[in-house]
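# Coordinate inspection notes
Residue strings, one per chain:
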Amino acid sequence: MGRTNLKVNNRLFLSILGSISTIAIIGFLFLSYIKLDEPLFFEQYYEQQVTVLSDGDLDSHGGEFELKYLTNAFEDKTVIHVEFPEEPDLAVQASEYPIGISANSTPGKTQGPYSVRTVYVQPLELFGAEQFDQTTLTQAKLFFSDNSSMTVDIGEVNFYTVSPDQLDTEQLNYFSSTSTSEGDTSHFYEVKSEVTLTGVHSEHLDKFADWINFKINDQPLKTMIGKTFQSGETFSVSSEMVENRSRNILDRFTEIKIRPELTLTDAEGQQHTSRTFEIEDREAFTFFNLLEYVKARGAL
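Residues numbered from 1 in each chain as written. Predicted model: local features only at pLDDT ≥ 70, side-chain atom pairs only at ≥ 80, totals over all residues. Heavy atoms only, no water.

## Here we look at the overall build of the protein chain
- Within the protein chain, the secondary structure is distributed over 5 helices and 21 strands.
- Among the 300 residues that make up the protein chain, the fraction classed as buried is 42%.
- Pairs at least 24 residues apart make up 71% of the contacts formed inside the protein chain by residues separated by at least 6 positions.
- Accessible surface computed for the protein chain: about 16300 Å², of which carbon and sulfur atoms make up 50%. (Helix = DSSP H or I, 4+ residues; strand = E, 2+ residues; numbered from the N terminus. Buried < 20%, exposed > 50% of the residue type's maximum accessible area, 1.4 Å probe, protein only. Contact = heavy atoms within 4.5 Å. Areas by Shrake-Rupley, 256 points an atom, 1.4 Å probe, with all protein chains shown as cover.)

## A look at the side chain of His-204
- When you line up the elements, His-204 lands in the loop between strand 13 (195-201) and strand 14 (212-216).
- Judged by its relative accessible area of 1%, His-204 falls in the buried class.

## Brief notes about the sheet that holds strand 19 (residues 261-266)
- With antiparallel pairing, 4 strands are arranged side by side in an open sheet as 16-13-19-20. Pairing within the sheet leaves two strands with one partner each, and these edge strands are strand 16 (228-229) and strand 20 (271-275).
- Judged from the 2 bridges that link them, strand 13 and strand 16 form a sheet pairing that is antiparallel. Each residue of the ladder has a partner; that of Thr-196, found in strand 16, is Thr-228. (Pairing = 2+ DSSP bridges.)

## As for the packing of aromatic side chains
- Scanning the model with the defined rule gives 19 aromatic pairs in all.
- Measuring from centroid to centroid gives 5.6 Å for Phe-42 and Phe-285, while their planes differ by 35°, and the two rings are tilted. Residue Phe-42 is found in the loop between strand 1 (40-41) and strand 2 (44-52), and its partner Phe-285 is found in the loop between strand 21 (279-281) and helix 5 (287-296); the two are separated by 243 residues along the sequence.
- What makes Phe-42 buried here is its relative accessible area of 2%.
- The class for Phe-285 is partly exposed, based on a relative accessible area of 26%. (Phe/Tyr/Trp six-rings, centres within 6.5 Å; stacked < 30°, edge-to-face > 60°.)

## Considerations on unusual backbone geometry
- With a phi angle near 65°, Phe-74 is a residue other than glycine that sits in the positive phi range.
- Summarising the element assignment, Phe-74 is placed in the loop between strand 4 (65-72) and strand 5 (79-83).
- Unlike most non-glycine residues, Asn-217 shows phi in positive territory, near 55°.
- Within the secondary structure layout, Asn-217 lies in the loop between strand 14 and strand 15 (219-220).

## Re helix 5
- Within helix 5, the full set of buried residues consists of Phe-287, Asn-289, Leu-290, Leu-291, Tyr-293 and Val-294.
- Once helix 5 finishes, Gly-298 follows within two positions and takes phi at roughly 75°, a positive value.

Next up, the structure:
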């Protein structure tokens, strides 16, 4: 009887051990299959403000922007330098650690076998502002800590410069804003003196018109062109995001940060421009939607 029980226990143990081994092998093969051969950079469309100080120098604070990419979890190498092939003289500093924060751990946010990394890029003020004015970037060359490098498409970053004098003479006073977790925003302004809304310009608003409902006073933009606002009158600029699930995975992982420019004509016929506050859209990262994204990029 004892020997029979021993044989049964041995068979059960071997069966369990075999099952565990099979699961481990399948898990190893799956992780090997979904492992990335190289980092994948997300597309980003930014309208990036750079402020020029009164002495003509560049105020780099507030001019920082981010480049995001996907790599394997626990990848040790990090981006330590960035160059832009289209603008080789454009001087920036770059790090996967926020500017001023020391490197004391592996950066990034881990989602299963993947890690979402952020490269913080800051213009260098000592090289002047004129390099950034009306500059468009669509590619970046990344240099890593292991001495490797790669050139990638990044979407489109459009720079524009403003001076403190421009900000002081704007026809609008911003006074409050609201936002939702879905990315919808409303910003409220007071008019300093009588102006007519005669135009709205954005490098990217038309491109993403199917994603963003941009309104003024809760009305479609086309119905507000030509509208006159009196001194002291308030109005709102709002954006509503189309539900992410209705878009394909590549579109959902396209990050948007845009600032449409309002053209306002005063009572004397003089034109003034004023940028709205930032409109943002980004996807929340999970292992499953990242895996879907990797498949869509053809990286598996």
